[in-house]
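Observations on the model geometry
Letter by letter, the chains look like this.
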Amino acid sequence: MATFALIMSGGGARGAYEAGVLSYVLDELPRRLGRPVRFQIITGTSVGAIHACYVAATLGRPHPGRGLIDIWRSLEVRGVYHVGVGDVVGIPLRLLGLAGQRTMPAEGAIPERLTGLLDTLPLERLVRESIPWQDLRRHVDAGEVAAVAVTATEISSGKSVVWVDNREGVVRRWARDPFVIARPARLGPAHALASAAIPFLFPAPRIDGAYYCDGGLRLNTPLAPALRLGADRLLIVGLRHTPTPEEEAALAAHREANYSSLAYLGGKVLNALLLDHVDYDVDRLRLVNAILDTGAHAYGPGFLPRINQVIEQMRGTPYRVVRDVYVLPSRDLAVMAAECLEAHRGGAGLRGWLHRARHRGRGGPPLLPLLRPLLRRASDRSGPGGRRGACRRADRVLPRRRLTKVLPSPTPCATPFGARPRAGPRRAP
């Protein structure tokens, strides 16, 4: 029996697009198929980790996608981080490393944190109160979800830590990868917030004696964890748009003009850290699939078992054949955010500052994502992350098929079971 996995990536406010895709997959797709859509394995990183916990916790509830969209649409900047009068002095001091307070005390289910540039207490409360954590625990303990996994970066070692929550409380099968470590856990708000803690900007929670920050630094799209947990059908939600030559040409002048802008360059650095691994992971997955498929045609059905005799000795886990659907935005989400900000041009305060920053560099949003307009636009069901947008993009990834027909029997693909996502492809012996 096939094991389906839902894989969600990180990208800050671009997660609004991910929420739009989820609203279609969770609400509209079951109606079209005439049956529930179940994912036995759910993984996520950064904002995808928060979504993963939400999906696992709301399993079986009516209209969970609509609930997620409502959360995103209700968000404002002050609902993510708090900026007070004291921050006028405090933020520059923290930038210079002169702030006296190094840690923030625990509050309820939120543990002690290393201080960041911003006070994200509103976001911490939102994650704690908007996700029914007791239901997540009940679904995992009952086996309704085989595993939920979220990834964070351990600050002390720089390694990716994958927290796996399953009924057994044990991670039985994992590749021998010194840079990606699996640990059993009972997921809670702290794990989701740790995975989404953007380095330097957001506080880093302390869990089991160590501090953690955004998992996207080393493992942005957690393909390998899903495979190592036994998935052989993947639905991957990516957040990076591949621009056409015309789109690149239209943005070139804006990018060159803003080369010296700190906000512009800061946004590009965040993009490089949190967005650039996804396409490579999927391309490598499909490259290995082509190698295995060619080998099976050339040498017969015994090809894969024979090479796995060697692979299991080397890595501890075999290669296996999987199927995948990769959903991507059909437009650049940063450009959409700039267009929405243009619709709210002028004004005082933060909105006015963002508008002026937009005119200084359309090709790259400020260091802090253009949160509110992106949420309003990208979470709309008619936008790229909504029902029609998801179908359009699925048609581009897999031509002449609609998502409703693709999900039950996607295009065949293969990947090494347990391969490191950032490593180069191995040659079959």
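Further up the page is the structure itself.
Residues numbered from 1 in each chain as written. Predicted model: local features only at pLDDT ≥ 70, side-chain atom pairs only at ≥ 80, totals over all residues. Heavy atoms only, no water.

What follows deals with the pattern of salt bridges. Enumeration according to the criterion identifies twelve salt bridges in this entry. Between Arg 137 and Asp 141 there is a salt bridge, with the nearest N and O atoms lying 3.3 Å from each other. With Arg 137 and Asp 141 both in helix α6 (residues 133-141) and four residues apart, this pair spans about one turn of that helix. A residue is classified by how much of its surface remains accessible, and Arg 137, at 13% relative accessible area, is buried. We classify Asp 141 as partly exposed; its relative accessible area is 36%. Linked through salt bridges whose partners overlap, the residues forming this network are Glu 28, Arg 31 and Arg 32. (Salt bridge = Lys/Arg side-chain N within 4 Å of Asp/Glu carboxyl O. Helix = DSSP H or I, 4+ residues; strand = E, 2+ residues; numbered from the N terminus. Buried < 20%, exposed > 50% of the residue type's maximum accessible area, 1.4 Å probe, protein only.)

A few words now on the packing of helix α2 (residues 47-57) against helix α3 (residues 64-74). Where α2 contacts α3, the axes come no closer than 11 Å and their chain directions differ by 140 degrees. Judged by the inter-axis angle, α2 sits oblique to α3. At the point where α2 passes α3, the crossing takes the right-handed sense. In this structure, α2 uses Val 47, His 51 and Tyr 54 to contact α3, whose residues at the interface are Pro 64, Gly 67, Leu 68, Ile 71 and Trp 72. (Axes fitted to C-alpha atoms, helices over the stretch in contact; angles between N-to-C directions. Parallel < 35°, antiparallel > 145°, perpendicular 65-115°, else oblique. Left-handed = near helix turned anticlockwise from the far one by under 90°. Contact = heavy atoms within 4.5 Å.)

Further remarks concern the pairing of strand β1 (residues 4-8). Among the five residues in β1, four count as buried, and that is most of the element. Examined bridge by bridge, β1 and strand β10 (residues 233-237) share five bridges and lie parallel to one another. Residue Met 8 lies in a different strand from β10, and its bridge partner there is Val 237. Of the pairings in the sheet, the one linking β1 to strand β2 (residues 41-45) comprises four bridges and is parallel in character. Within β2, the position partnered with Met 8 by the bridge is Gly 44. Read as a crossover between parallel neighbours, the route from β1 over helix α1 (residues 15-33) to β2 is right-handed. (Pairing = 2+ DSSP bridges. Right-handed = clockwise from strand over helix to strand, strands pointing away.)

The backbone phi angle of Ser 46 is positive, close to 60 degrees, even though this residue is not glycine. Within the element layout of this structure, Ser 46 appears in the loop between β2 and α2. Within the chain, His 63 stands out as a residue other than glycine whose phi angle is a positive 55 degrees. Structurally, the position occupied by His 63 is in the loop between α2 and α3.

Attention now goes to the environment of Leu 227. Topologically, Leu 227 is positioned in helix α8 (residues 223-228). The buried category is assigned to Leu 227, whose relative accessible area is 2%. Here the alpha-carbon distance between Leu 227 and Ala 5, two residues 222 residues apart in the chain, equals 8.5 Å.

What follows is about the side chain of Ser 160. Along the polypeptide, Ser 160 turns up in strand β6 (residues 160-166). You can call Ser 160 buried: its relative accessible area is 1%. Not counting residues within four places of it along the chain, the set of residues in contact with Ser 160 comprises Thr 151, Ala 152, Phe 179, Val 180, Ile 181, Arg 218 and Leu 219.

Spanning 13 residues, helix α9 (residues 245-257) covers 19 Å between terminal C-alpha atoms, matching the ideal 18 Å at 1.5 Å per step. In the structure, α9 departs most strongly from a straight axis at Leu 251, where the bend amounts to approximately 35 degrees. Burial of α9 is sparse: only one of the 13 residues sit out of reach of the surface. (Expected span 1.5 Å × (residues − 1). Bend = angle between axes of the 7 residues up to and from the residue.)

Let us now look at the pairing of strand β8 (residues 204-207). With two bridges connecting them, strand β4 (residues 113-114) and β8 associate as antiparallel partners. Bridge pairing links Arg 113 to Pro 205 in β8. Two elements, β8 and strand β9 (residues 210-214), share two bridges in a ladder whose sense is antiparallel. Pairing of Ile 207 across the sheet is with Ala 210, part of β9. Once β8 ends, the chain turns through two residues before running back antiparallel as β9, passing Asp 208 with a positive phi of about 50 degrees.

Let us now look at helix α5 (residues 121-130). Residues of α5 that are buried: Leu 121, Leu 123, Glu 124 and Val 127. The buried residues of α5 occupy one face: seen down the axis, they fall within an arc of 165 degrees. Next to the buried residues of α5 lie α2, β4, α6 and α7 (189-195). (Arc of directions from axis to C-beta.)

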